[in-house]
Amino acid sequence: MIMTTLGTSEDLSTSISLFTTQTQLTPSKVQGTDDVVKMGYLRKFKGKKKWFVVRRESESGPARLEYYAKERNFRQWQPPRRTIGLKACFNINRTDSKLKWAIALHTHNDCLRILLSTEEEMRDWLQLLNALAGTPNSTIFKTVPAKIWSAIFMS
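Residues numbered from 1 in each chain as written. Predicted model: local features only at pLDDT ≥ 70, side-chain atom pairs only at ≥ 80, totals over all residues. Heavy atoms only, no water.

A. How the structure looks around the side chain of Lys-50. Looking at the element boundaries, Lys-50 is found in strand S5 (residues 49–55). At 14 Å, Asp-110 is the nearest oppositely charged side chain to Lys-50, a buried residue that forms no salt bridge. Once residues within four sequence positions are removed from consideration, Lys-50 is found in contact with Gly-40, Tyr-41, Leu-42, Lys-44, Tyr-67, Tyr-68, Ala-69 and Arg-81. (Helix = DSSP H or I, 4+ residues; strand = E, 2+ residues; numbered from the N terminus. Buried < 20%, exposed > 50% of the residue type's maximum accessible area, 1.4 Å probe, protein only. Lys, Arg positive; Asp, Glu negative; His and termini not counted. Salt bridge = Lys/Arg side-chain N within 4 Å of Asp/Glu carboxyl O. Contact = heavy atoms within 4.5 Å.)

B. Region of the structure containing the environment of Leu-128. Summarising the element assignment, Leu-128 is placed in helix H2 (residues 119–133). Relative accessible area serves as the criterion here: at 17%, Leu-128 is assigned to the buried category. In this structure Leu-128 touches Val-37, Lys-38 and Val-54, once residues within four positions along its chain are discounted.

C. Seen up close, the pattern of salt bridges. Summed over all chains, the structure comprises 7 salt bridges. Several salt bridges converge on common partners, so that one network encompasses Asp-35, Arg-55, Arg-64 and Glu-66.

D. View of the nonpolar core. Grouped together as the largest cluster of nonpolar side chains are 22 residues, with contacts concentrated most on Phe-52, Leu-65, Leu-86, Ile-92, Ile-103, Leu-105 and Trp-125. Elements supplying a minimum of two residues to this core: S5, strand S6 (64–68), strand S9 (102–106), strand S10 (111–115) and H2. Here this core gets 7 residues from one element, more than from any other, and that element is H2. Those residues within four positions of Leu-86 in sequence are excluded, and the remaining contacts are Ala-63, Arg-64, Leu-65, Ile-92, Leu-105, Leu-129, Leu-132 and Ala-133. By size, the runner-up hydrophobic cluster in this structure holds 7 residues, among which are Val-36, Met-39, Trp-51 and Phe-74. (Core = buried A, V, L, I, M, F, W, Y, C linked by side-chain atoms within 4.5 Å.)

As structure tokens, this is what we get:
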């Protein structure tokens with residue numbers, strides 16, 4: 001799994017771990033990524049790996065999670081396959097899954113589940129997504145049901 005995080009240091013540093021390769025880049029080294037906070041290959045639940053990009057709020061739009069079929073599509077300025085506004089998510093949390101490390105982003109219309117390789121990686125992505133969504137104090141290990149029903153009570 002390749003994970004790229006944009007940092008503020010001018011040095012290009014690479015750290016290799018058992019599951020993840022993380023590269024620190026400055027925005028000037030990757031053109032057009034001034035609002036990109038984190039990017040890397042992750043798996044969709046019941047799907048193939050995709051190139052995910054987290055963008056902070058900027059002139060180009062609100063804080064959002066985007067994914068592309070491949071990193072090359074992102075680098076070639078192709079439109080993302082899907083964009084989820086983080087403020088539109090009413091719940092971003094660890095999901096109850098048979099797989100150990102999964103995050104669910106719940107909107108009013110849909111739920112996107114992302115699978116990660118390690119617990120540390122899951123915590124990093126979860127804390128970042130919640131911070132950009134405006135809910136930094138949400139519980140990391142709270143599980144949520146796979147489906148949510150709305151109920152209308154009439155008197």
